[in-house]
Amino acid sequence: MRQVAISGIGLVSPLGDDIDEVFAAARDGRSAIHRLDIPFSERLVAPLAATSRFDATAHFDKMQQRMLDRFSLFAVHAANNALSDSNAALANLAPERGGVFIGTGMGGTLSMDEGYRTLYAEASDRIKPFTVLMGMHNAAAAWIGMAHALRGPSMTYSTACSSAAVAIGEAWRRVAHGELDVALAGGSEAPLSLGSLKAWEALRTLATIDEEEPSASCRPFSKERSGMVLGEGAAILVLEPLERAIARGARVHGEILGYGLSNDVTHITRPSVAGQAAAIRAALESAELPPEAIDAINAHGTGTEANDATETAAVKDVFGERAGDIPISATKALHGHLLGAAGALECVLALQAMRHAVALPTMHLREPDPACDLDYVPNEARVGVAARVTLSNSFAFGGTNAVLALGAVY
Amino acid sequence: MTTSLESIRTLLMRDHDIVPERLTPEATLDDLGIDSLGVMELLWNLEDELGITLPTDKVPELHSLGEVAVHIDALIAEQRADTIATRVS
């Protein structure tokens, strides 16, 4: 097994696209969640979202803007930025030794929504000719592979809210086992269509709006939590053998030490303590680390009733009496739930937190749910937390739990 | 110059930022950087623009802008004749 470095990071996120800006927002508790003010927002019970300021016209030509769904534009732009950050990771790479691994929950749902509007709302048969190409889940990976002539595996994972963590974990395995020398891995999601927002609303998973402070509407682990807020964006990492990254003089953001998977097999939405605990244990086993080695956790922490209590119980199940000593951060309070991209953005935040020796705050946590009684770093960042290993949890509807074990590089 | 050639030129200027001087009847789609998907999109837009319906079965091989225009003009003539025939009967 080879050690695997993260040697490039590219972001498109509600907190910004620049990694330092994104980290500063997460550290200082600046929420990107806001009241949605778009044509259909009056049809939403709680018009809330965390949107990206991404401007496609600044980065893509007209043909690309017409052929790529927003989730693909996010992914391609983030991948380009990750490569720029990597100090030329693709130089001297045999093309078949490079791969693309992208997670997405809803793929090109905006394009499909637009197509359905044409067909049903406008009663027109003039559906756009690129609708299939824009809607397909694997479009983002395909465009990234073409842009950089990566001829190895081009893979797309759709395991709902754990998609990006799965994509990163699967890429890590291939690089660690020597099958690939560079992998672009992460997730992308652009789910803010009327159809998608109404569907999430119908499932009663979305937060109610905090009328006084809409940006504080998502409150993970809080007694007053009312659900999640959807967000959009992408995060793409460059993975390569640590030795190669060092030899190239790349800036190493951190290491992936291991990756654990499990399947709940109990219910299509209700999470399972046993399932989540099994994924955490699998990550520890994969990283060959004892529970005592874990210094911090980036929680899945959606702010839904079911997730937060279950995740707390799963952490207790694995770490026992030590559970209360581990700082647990739920950053979705700030950037919302990026669904199939969430695991990648949170992985980046976990790496940045280690680099800066900070435990990121779980915001809007005035009164914890009695069932959530661990250390969630409430409302304020904690400095001087020299974590060496952080877990990043991603759990999902459908039951695919994925946990990444991340190592600091000082 | 045919009606459809002007529409084709207008669409290519709009959608692909091609300068008008390059959009001659002899210019090939290849040279202009319009691939098969670009052609498909162009034909789709021409349907709207010119009020015609292209057959769904196949797109004939079209190389130059002039060839596209001749093909579209033939369809226009055919579909107008059909409309007249329907009215007469």
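Student: It is not clear to me how the overall build of chain A should be interpreted in this structure. Could you clarify?
Tutor: On a plain count of helices and strands, chain A comes out with 13 helices and 14 strands. Within chain A, the proportion of its 410 residues that are buried is 61%. When contacts within chain A are restricted to residue pairs at least 6 apart in sequence, long-range pairs at least 24 apart make up 79% of them. Total accessible area computed for chain A in this model is approximately 15300 Å², and 52% of it derives from carbon and sulfur atoms. Here chain A carries 33 positive and 47 negative side-chain charges, and the mean point of each set is 4 Å from the other.

Student: Is there a simple way to think about unusual backbone geometry in this case?
Tutor: Glycine aside, residues mostly have negative phi, and peptide bonds are mostly found in the trans state. All names here are of chain A. We note that L339 has phi near 50 degrees; this positive angle belongs to a residue other than glycine. Following the sequence through the fold, L339 ends up in the loop between α12 (332-335) and α13 (342-355). Assessed through its relative accessible area of 2%, L339 is described here as buried. Phi at V377 is positive, roughly 50 degrees, even though this residue is not glycine. Position of V377 relative to the elements: it lies in the loop between β11 (358-359) and β12 (382-383).

Student: Explain the packing of helix α3 (residues 70-85) of chain A against helix α6 (residues 139-148) of chain A to me, please; I cannot follow it from the model alone.
Tutor: Helix-helix packing is described using two parameters, namely the angle between the two axes and the distance between the axes. Residue and element names in this part refer to chain A. Put simply, α3 and α6 touch, their axes get as near as 8 Å, and they point 40 degrees apart. What the angle tells us is that α3 and α6 run oblique. Considering how the two elements wind past one another, α3 and α6 form a crossing that is right-handed. Mapping the contact onto sequence places F71, S72, A75, V76, A79, N80 and L83 in α3 and A139, A140, W143, I144 and H148 in α6. Residues of the contact of α3 with α6, tallied by class, amount to nine nonpolar, three polar and no charged.

Student: Looking at this model, I keep getting lost on helix α10 (residues 273-287) of chain A. Mind explaining?
Tutor: An α-helix turns once per 3.6 residues; consequently, residues spaced three or four apart project the same way. Residue and element names in this part refer to chain A. With 15 residues, α10 extends 21 Å between its outermost C-alpha atoms, agreeing within 8% with the 21 Å of an ideal straight helix rising 1.5 Å per residue. Restricting attention to buried positions, one finds in α10 the residues G275, Q276, A277, A279, I280, A283, L284 and A287. Residues of α10 that are buried sit in contact with β8 (254-263), α11 (305-319), β13 (389-394) and β14 (400-407). Immediately downstream of α10, the backbone of E288 shows phi near 55 degrees, a positive value.

Student: Just checking my understanding: could you explain the confidence of the model for chain B for this structure?
Tutor: Should the pLDDT be low somewhere, the predicted coordinates at that spot are not to be read in detail. Residues and elements named next belong to chain B. When the pLDDT values of chain B are averaged, the result is 88; 94% of them are 70 or greater. Considering each helix and strand of chain B separately, the mean pLDDT is smallest for helix α3 (residues 65-88), with a value of 84, and largest for helix α1 (residues 3-16), with 94. Interface confidence for the predicted complex, given as ipTM, is 0.86, next to a pTM of 0.96.

Student: Looking at this model, I keep getting lost on the interface of chain B and chain A. Mind explaining?
Tutor: By a widely used convention, the size of an interface equals the accessible area lost when the partners come together. Listed as interface residues are eleven residues of chain B and, on the opposing side, ten residues of chain A. Taken over both partners, the interface formed by chain B and chain A buries close to 970 Å², and the fraction arising from carbon and sulfur atoms is 55%. Per-residue buried area on chain B facing chain A is highest for B:L37, B:E41 and B:W44; these three make up 54% of the total on that side. The closest approach of N and O atoms between A:R126 and B:E47, which form a salt bridge, is 2.7 Å. Remark: the boundary between chain B and chain A carries eight residue pairs in polar contact (both at pLDDT 80 or more). At the level of elements, α1 and α2 (36-50) of chain B are the ones that each hand at least two residues to the side of chain B that touches chain A. With seven residues, α2(B) is the largest single contributor of residues to the side of chain B that touches chain A. Split by residue class, the side of chain B that touches chain A holds three nonpolar, two polar and six charged.

What counts, and at which threshold
Residues numbered from 1 in each chain as written. Chains lettered and ligands numbered in written order. Predicted model: local features only at pLDDT ≥ 70, side-chain atom pairs only at ≥ 80, totals over all residues. Heavy atoms only, no water. Helix = DSSP H or I, 4+ residues; strand = E, 2+ residues; numbered from the N terminus. Buried < 20%, exposed > 50% of the residue type's maximum accessible area, 1.4 Å probe, protein only. Contact = heavy atoms within 4.5 Å. Areas by Shrake-Rupley, 256 points an atom, 1.4 Å probe, with all protein chains shown as cover. Lys, Arg positive; Asp, Glu negative; His and termini not counted. Charge placed at Lys NZ, Arg CZ, Asp CG, Glu CD. Axes fitted to C-alpha atoms, helices over the stretch in contact; angles between N-to-C directions. Parallel < 35°, antiparallel > 145°, perpendicular 65-115°, else oblique. Left-handed = near helix turned anticlockwise from the far one by under 90°. Nonpolar A, V, L, I, M, F, W, Y, C, P; charged D, E, K, R; others polar. Expected span 1.5 Å × (residues − 1). pLDDT = per-residue confidence, 0-100. Buried area = accessible area lost by both parts, 1.4 Å probe. Salt bridge = Lys/Arg side-chain N within 4 Å of Asp/Glu carboxyl O. Polar contact = N/O pair within 3.5 Å; in protein donor to acceptor, adjacent residues only side chain to side chain.

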